[in-house]
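As a plain string of letters, each chain reads:
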Amino acid sequence: MMMAAAAVLLCSADMSAASCLLSEDQFLCSICLDVFTDPVSTPCGHNFCKNCISQHWDISYRCQCPLCNKLFRMRPELHINTFISEMVSQFRCEAQQKVSSSSEQQAAKPGEVPCDVCTGTKLRALKSCLVCLASYCQTHLEPHLAASRLKGHQLIDPEAKLEGRICVKHDKPLELFCKTDQTCVCMLCSVIDHRTHEFVSLREEYIGKKEELGKTETEIQQMITKRRLKIQEIKESVKMSKDAADREKAEGVQVFTALKESVDRRLNEFINEIEDKQESTEKQAEGLIKDLKQEISELMKRSSEVEQLLHSKDHLHLLQRFSSLKAAPTTKDWTEVSIHPPSYEGTVVRAVVRAVDQLNATLDEEFEDLFEAELKRVQQYAVDVTLDPDTAHANLILPHDGKQVHCGDEEKSLPDNPERFSMFLWVLGKQSFSSGRFYFEVLVKEKTDWALGVARESVNRKENITLSPEKGYWTVAIYENICVALEDSEVRLPLHSGLEKVGVFVDYEEGLVSFYDVDDAALIYSFTGCSFTEKLYPFFCPGDNDDGKNSAPLIICPVNQSV
């Protein structure tokens, strides 16, 4: 008897200790997702509410365990699992005590769910019942925790709009998820309206949908990250554009200030020259006028003396003074004296010529620095270019490295593929560009006939055509000691003496193709306002041999950005 009592005490102690370690998840029915009510065990060892498993088997075609899918040939006879029932009961009591000790009765605040039973001041609800469609405070929740007929009701965290959890057709809780119609249904729906459909518990579908939402959230975060990076990229582009604009404005101000100062100096020199001539003329005139006035003064004095003598009655005095007054006064012969205004013919022209010469000198000095800085900037976009043998005319010879080309003496037997040029000694680079900027350099030393530039992908490679932007070519060429830009109408350019290396720069979005004399850091020519819509390829024409005078190859050079 004492041993039995000790066993009971030990069991009770064990249960008490175990309850401290158990959580609500361990007492949840996997069908109704609530704490067990009248828990029963299946032969496979899984536990369910008696009512839940019975209803499940009532509507299922086969009798099997909802968790492990164990199939039973005959429907098992179910009995209440008293051990689990006692543990559930103890857990409910302890949970209620914990709720009672930790929760104080408080009036529902705005945004909180109020108790539907309270009269007067509505207290904050602790739970909502999906069967009663009502929310309860701590006091009014007691019957659901104590009364056996209410224990089977499904309690959830407080929710204001409980009608959304009830089937509008059968007025039953939404407990299942119809995978066929992708909607939540009640038990009667699964038997009546959806009896041939596939169902899972809300918990199972919840877990699956939660995983999908997790993936969606990850994808959204990745999209957000990409767009933030794109924003940063755009801001960086705007900053680079602003820096470039500021730099160009500063350089422009520097050049035009130097030009203005040079023009101002020449204007001042021109005005000073005119004023000096006028001042010299005025000084000469002032001297002559002074002398004339002096003589006039002396003549007027003589005239006065003569007039007095004419009125004299003294014979002796007149005769004595006559000789001195009769003699001509000492004066200058003004007959040939005159002022010759200075000639200003050609002064403006000479001044303009001197100004132009000075401007050219200033431009040469200023542009030398500007072109050098510009060349360094475009060299930052250097790309590795190699020649494409599949596009080369059959007379052209390309070494294996694809870095140079010259004209051979004989035409090779090559397949006439669509990419190959058939009429002219032309070849394209392998690399294509459809956005951004790129730059490459070509050695043209010792050549007398060549053409360089870029061509669009769709150019005609089989017929006799003229190089021009209209035909898809943006090129500069030298032939017969003439340098030209091959626009739609040829543009004659100054021939750069000693031209050895040519740089080609393209800004696809800007529609710009520029050519540089690399050694002199000078701009040869720019095609502007171009509209590119296709891939662009580097273009090369080494010209024919011309009896050995033009046998040197065009050589694609590595770009030395320290120049």
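Here, the structure is the one placed above.
Undergrad: For unusual backbone geometry, give the residues involved together with the corresponding values.
TA: Positioned with a positive phi, A521 is a non-glycine residue whose angle comes to about 50°. Tracing the chain through its elements places A521 in the loop between β18 (512-517) and β19 (522-527). Take A521: its relative accessible area is 10%, and that puts it in the buried class.

Undergrad: Can you lay out the packing of helix α7 (residues 202-310) against helix α8 (residues 315-326) for me, pointing to particular residues and giving the numbers?
TA: α8 packs onto α7 with a crossing angle of 155° between their chain directions and a minimal axis gap of 11 Å. The pairing of α7 with α8 is recorded here as roughly antiparallel in orientation. Classified by chirality, the crossing of α8 by α7 is left-handed. In this structure, α7 contributes R302, E305, V306 and L309 to the contact, and α8 contributes H317, L318, R321, F322, S324 and L325. When its residues are assigned to classes, the contact of α7 with α8 shows five nonpolar, two polar and three charged.

Undergrad: Go over the nonpolar core with me, naming the residues and quoting the values.
TA: One finds V502, I524 and F540 to be the most contacted residues of the largest nonpolar core, which totals 38 residues. Setting aside its immediate chain neighbours within four residues, I524 contacts V476, C483, L493, H496, L499, V502, F515, Y516 and D517. Formed by 29 residues, the second largest nonpolar core is a distinct cluster that contains F36, F72, L78 and C178.

Undergrad: I'd love a proper account of helix α4 (residues 138-146), names of residues and values included.
TA: Buried residues of α4: Q138, L141 and H144, and no others. Seen along its axis, α4 keeps its buried residues to an arc of 95°; they face one direction.

Undergrad: Tell me about the sheet that holds strand β15 (residues 482-485), and name the residues and values.
TA: Sheets are built from strands that pair by backbone hydrogen bonding, the pairs being arranged parallel or antiparallel. Reading across from one edge, β11-β20-β13-β14-β15-β16 is the order of the six strands in this open sheet, with antiparallel pairing throughout. Of all the strands in the sheet, just β11 (427-428) and β16 (491-493) have a single pairing partner and so form its edges. Of the pairings in the sheet, the one linking β15 to β16 comprises three bridges and is antiparallel in character. For C483, the partnering residue across the bridge sits in β16 and is L493.

Undergrad: Kindly report on a negative patch on the surface, identifying the contributing residues and their values.
TA: On the surface, a cluster of negative charge is made up of E446, E500, D519 and D520. Structurally, E446 is set in the loop between β12 (437-443) and β13 (450-456).

Undergrad: If you had to explain the pairing of β18 to someone new, which residues and values would you point to?
TA: Extensive coverage of β18 is indicated by the burial of six of its six residues. What you see with β18 is no split at all: L512, S514 and Y516 on one side and V513, F515 and D517 on the other are buried throughout. Pairing between strand β17 (residues 501-507) and β18: six bridges, direction antiparallel. Among the inter-strand pairings, V506 is bridged to a residue of β18, identified as V513.

Undergrad: Give a detailed account of the pattern of salt bridges, specifying residues and quantitative values.
TA: As enumerated under the stated definition, the model contains 19 salt bridges in all. Between K127 and D157 there is a salt bridge; the shortest N-O distance is 3.5 Å. Of this pair, K127 sits in strand β3 (residues 127-129) while D157 sits in the loop between β5 (155-156) and β6 (176-178); the two residues are 30 residues apart in sequence, bridging distant segments of the chain. Given a relative accessible area of 26%, K127 falls into the partly exposed group. For D157, a relative accessible area of 55% translates into the label exposed. Across the pair K462 and D416 runs a salt bridge whose closest N-O atoms are separated by 2.6 Å. With a gap of 46 residues between them, K462 in the loop between β13 and β14 (473-479) and D416 in the loop between β10 (404-407) and β11 connect regions that are remote in the sequence. Taking the relative accessible area as the measure of exposure, K462 reaches 30% and is therefore partly exposed. The class for D416 is exposed, based on a relative accessible area of 58%. Residues joined by salt bridges that share partners form a network here, namely E248, E251, E374 and R377.

Cut-off values and rules
- Counting of residues starts from 1 at the beginning of each chain's written sequence and follows it residue by residue.
- Given that the model is predicted, a residue must reach a pLDDT of at least 70 before its local features are reported, and side-chain atom pairs must reach 80 or more before they are shown or counted; all residues, however, enter totals for whole chains, interfaces and linings.
- Only heavy atoms go into the side-chain values, all of them from the structure, while hydrogens and water stay out.
- By definition, any uninterrupted DSSP run of H or I lasting at least four residues is a helix, any uninterrupted run of E lasting at least two residues is a strand, and each is numbered from the N terminus.
- Each residue is placed in one exposure class: buried if its accessible area under a 1.4 Å probe, protein chains only, is under 20% of its type's maximum, exposed if it is over 50%, and partly exposed if it falls in between.
- Simply put, an axis is a line fit to the C-alpha atoms, just over the touching stretch for a helix, and the angle between two N-to-C directions goes from 0 to 180 degrees.
- Should an angle fall under 35 degrees it is taken as roughly parallel, and over 145 as roughly antiparallel, whereas 65 to 115 is taken as roughly perpendicular and any remaining angle as oblique.
- Crossing handedness is read from the near helix: turned anticlockwise from the far helix by less than a right angle, it gives a left-handed crossing, and turned clockwise, a right-handed one.
- Pairs of residues are marked as contacts when any of their non-hydrogen atoms sit within 4.5 Å.
- Under this grouping Gly is polar, as are all residues other than the nonpolar Ala, Val, Leu, Ile, Met, Phe, Trp, Tyr, Cys and Pro and the charged Asp, Glu, Lys and Arg.
- Remark: nonpolar core denotes a set of buried residues (Ala, Val, Leu, Ile, Met, Phe, Trp, Tyr, Cys) joined through side-chain atoms within 4.5 Å.
- Note that the arc is defined by the directions from the helix axis to the C-beta atoms.
- The pairing criterion is simple: DSSP has to find at least two bridges between the two strands.
- Nonpolar side chains (Val, Leu, Ile, Met, Phe, Trp, Tyr) are joined into patches within 5 Å and like charges within 9 Å, using only residues with over 30% relative accessible area and no salt bridge.
- Using the Shrake-Rupley algorithm and a 1.4 Å probe, accessible areas are obtained, with residue cover drawn only from the displayed protein chains.
- A carboxyl oxygen of Asp or Glu within 4 Å of a side-chain nitrogen of Lys or Arg is what we treat as a salt bridge.
- Charge assignment: positive for Lys and Arg, negative for Asp and Glu; neither His nor the chain ends contribute.
- The atom standing in for a charge is NZ when the residue is Lys, CZ when it is Arg, CG when it is Asp and CD when it is Glu.

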